[in-house]
Amino acid sequence: MEKEKLVLLIATTSEDKIRGIKEAFSHYYPEIEIEIYSGKTESRVPDQPFGNDTYQGAYNRINNIREKYKEKLNKLGIDIDYYIACEAGIDDTNKVIIDEKVVDLYASEQVVCIYDEKKDTYSFGKSSSWIIPEKDIEEIKRTNLDQYLRKRGCTGLQDVGDGKYVSRATAVMESTKSAIASNRFIERCKMIDKHMEEYGDTDIIR
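Read on for an overview of the structure.

The next subject is the packing of helix 1 (residues 15-28) against helix 5 (residues 168-199). Their axes nearest at 7 Å, the elements helix 1 and helix 5 cross at an angle of 40°. On the basis of the axis angle, helix 1 is oblique to helix 5. In terms of crossing hand, the pair formed by helix 1 and helix 5 is right-handed. Every residue of helix 5 that contacts helix 1 at Asp16, Lys17, Arg19, Gly20, Ile21, Glu23, Ala24, Phe25, His27 and Tyr28 is listed here: Arg168, Ala169, Val172, Met173, Thr176, Lys177, Ile180, Ala181 and Arg184. Taken together, the residues of the contact of helix 1 with helix 5 break down into nine nonpolar, three polar and seven charged.

Here threonine 176 is to be found in helix 5. Of the residues examined, threonine 176 reaches a relative accessible area of 0% and is grouped as buried. At 2.7 Å, the side chain of threonine 176 forms a polar contact with the backbone oxygen of valine 172. Setting aside anything within four residues of it in sequence, one finds threonine 176 in contact with Ile21, Ala24, Phe25, Val112 and Ile114.

With that settled, the discussion passes to the nonpolar core. Core analysis: the largest hydrophobic core is formed by 17 residues, its most contacted members being Leu8, Ile21, Phe25, Tyr82, Ile84 and Ile114. The contacts of isoleucine 84, once residues within four sequence positions are left out, are Leu8, Leu9, Ile10, Ala11, Ile21, Phe25, Ile62, Val112, Cys113 and Ile114. In this structure, Ile65, Leu73, Ile80 and Ala85 belong to the second largest nonpolar core, which totals 14 residues.

Further remarks concern helix 1. Helix length check: helix 1 (14 residues) gives 20 Å between terminal C-alpha atoms against 20 Å at 1.5 Å per residue, within 8%. For helix 1, the full list of buried residues reads Lys17, Ile18, Gly20, Ile21, Ala24 and Phe25. Burial along helix 1 is one-sided: seen end-on, the buried residues are contained in an arc of 160°. Turning to helix 1, the residues buried within the fold contact strand 1 (5-10), strand 2 (33-38), strand 3 (82-98), strand 4 (101-116) and helix 5.

Rules used in this analysis
Residues numbered from 1 in each chain as written. Predicted model: local features only at pLDDT ≥ 70, side-chain atom pairs only at ≥ 80, totals over all residues. Heavy atoms only, no water. Axes fitted to C-alpha atoms, helices over the stretch in contact; angles between N-to-C directions. Helix = DSSP H or I, 4+ residues; strand = E, 2+ residues; numbered from the N terminus. Parallel < 35°, antiparallel > 145°, perpendicular 65-115°, else oblique. Left-handed = near helix turned anticlockwise from the far one by under 90°. Contact = heavy atoms within 4.5 Å. Nonpolar A, V, L, I, M, F, W, Y, C, P; charged D, E, K, R; others polar. Buried < 20%, exposed > 50% of the residue type's maximum accessible area, 1.4 Å probe, protein only. Polar contact = N/O pair within 3.5 Å; in protein donor to acceptor, adjacent residues only side chain to side chain. Core = buried A, V, L, I, M, F, W, Y, C linked by side-chain atoms within 4.5 Å. Expected span 1.5 Å × (residues − 1). Arc of directions from axis to C-beta.

By themselves, these are just geometric observations and shouldn't be taken as functional.
Below you can see the structure in the form of structure tokens.
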């Protein structure tokens, strides 16, 4: 009996990112073979995204890679189940009042977007994040986060926090798991809403 299979097309050629995405799908689908195709595509947002551009960049990569490869793969008899894209950016939407002064918080994060080909739905997820000093944000805007980290003696995410933070692969795995969980939650909500329409809101389903 042929083993059930999921086919992914990932909008990156980074081995770290691909490994993180595969680990996340293997976590949720341990009995299913994961087959992966990958390629480069453009985000069409600034090289160093801030705020909504991070999510928009991941979404754009999804649509660009579908446009670029879907027809070619279909001609080869390859049907994609999920398209996945990553975008690393800085969340600049948070504020906190400290000593009666409004302080802006800037959090570095990894965002993943997943497109479910069969259901025609998008879901997003993000990794855990860490706060960048506000005084350094203008420098990052002039260059990018990777250059900034190297200048601070960090060769990658794994060096942040004295080497006790997560690797890029782990950050991508976290955000992919979050996107899969978000998709499952949306599907569960749809199921419950449909159940309530048919049977009323006094019935509880699990």
